[in-house]
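# Inside the fold
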Amino acid sequence: MSDSTLKELWQQVAEKKSCEAKQKELTAQRDTLADCLKKLEKSKLAEQADVDRLEDTALPHFSIK
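Residues numbered from 1 in each chain as written. Predicted model: local features only at pLDDT ≥ 70, side-chain atom pairs only at ≥ 80, totals over all residues. Heavy atoms only, no water.

Scanning the chain for helices and strands turns up one helix and zero strands. When burial is assessed residue by residue, the chain has 0% of its 65 residues classed as buried. For the chain, the exposed surface amounts to about 6500 Å²; the carbon and sulfur share of it is 61%. (Helix = DSSP H or I, 4+ residues; strand = E, 2+ residues; numbered from the N terminus. Buried < 20%, exposed > 50% of the residue type's maximum accessible area, 1.4 Å probe, protein only. Areas by Shrake-Rupley, 256 points an atom, 1.4 Å probe, with all protein chains shown as cover.)

On the surface, a nonpolar cluster with roughly 560 Å² of combined accessible area is contributed by M1, L6, L9, W10 and V13. Relative to the elements of secondary structure, V13 occurs in helix α1 (residues 3-58). (Patch = residues over 30% accessible without salt bridge, like charges linked within 9 Å, V, L, I, M, F, W, Y side chains within 5 Å. Salt bridge = Lys/Arg side-chain N within 4 Å of Asp/Glu carboxyl O.)

Using the criterion set out here, one finds four salt bridges in the structure. Between E20 and K16 there is a salt bridge, with its nearest N and O atoms 2.5 Å apart. With a gap of four residues between them, E20 and K16 both fall in helix α1, about one helical turn apart. In this structure E20 comes out as partly exposed when scored by relative accessible area, which is 38%. Between E25 and K22 there is a salt bridge; the shortest N-O distance is 3.9 Å. Of this pair, E25 and K22 both sit in helix α1, three residues apart, roughly one helical turn. With a relative accessible area of 40%, E25 lands in the partly exposed category.

Okay, structure coming up:
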């Protein structure tokens, strides 16, 4: 194997390691964002339930004449 071939292979190995590290970082970010999304969806449902409850109890008190 020539020196240029070895050098190219080492560069490819280094690039692979860099890509794997970036993939690991992005996977962690995706997981964090997925957890955040679940919390926000749960909060939205709770808020919507509050709004629905308030609308159900408040609107009958107003009568249009």
